Amino acid sequence: MFIYKLGNWTVVFPQKYRIVCDGTTAVVIDDDRTALVLLSLTENGNIRIERTYYAMICEIDAMEQKVVFQMTEEIG
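Note that residues are indexed from 1 along each chain, following the sequence as it is written. Local features in a predicted model are, by the rule used here, given only for residues with pLDDT of at least 70; side-chain atom pairs are given and counted only at 80 or more, and totals for whole chains, interfaces and linings are based on all residues. As a convention, hydrogens and water are excluded, and side-chain values are obtained from all of the structure's heavy atoms.

S.K.: So what exactly am I meant to see when it comes to unusual backbone geometry here?
M.R.: Glycine aside, a negative phi is what most residues show, and trans is what most peptide bonds show. Of note in the backbone geometry, Arg33 takes a positive phi value of approximately 65° without being a glycine. Each helix is a run of DSSP H or I of at least 4 residues and each strand a run of E of at least 2, with the numbering of both proceeding from the N terminus. Structurally, the position occupied by Arg33 is in the loop between strand S4 (25-29) and strand S5 (35-41). In this model, Gln65 sits at a positive phi of 50°, which is unusual for a non-glycine residue. Structurally, Gln65 is set in the loop between strand S7 (56-61) and strand S8 (66-71).

Quick look at the structure:
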């Protein structure tokens, strides 16, 4: 499991990825240099999931400000 903090939000991935972030926008990149997720923070601190890789899904817990991503191959 790989955990990354973006603002007040905790983002959890099933494995370690490279993350390029400018403080409010983050791109999650795998070893093949494929962009898996594009995240950003809104002006009021909410998280915005702008794009995900086709095989990736997420569960959002707004109360804990936590987003958990999983690859669909790992679910079935």
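Following the structure, the description resumes.
S.K.: For this particular structure, what's the right way to read the sheet that holds S7?
M.R.: Sheets are built from strands that pair by backbone hydrogen bonding, the pairs being arranged parallel or antiparallel. Two strands make a pair as long as DSSP finds a minimum of two bridges between them. Pairing in this open sheet of four strands is mixed, and the strands run S1-S2-S8-S7 from one edge to the other. Each edge of the open sheet is held by one strand with a lone partner, namely strand S1 (2-6) and S7. With strand direction ignored, the average angle separating the axes of adjacent strands in the sheet is 20°. One ladder, built from three bridges, connects strand S2 (residues 9-13) with S8; its direction is parallel. Axis lines are fitted to C-alpha atoms, over the contacting stretch for helices. Their N-to-C directions set the angle, which ranges from 0 to 180 degrees.

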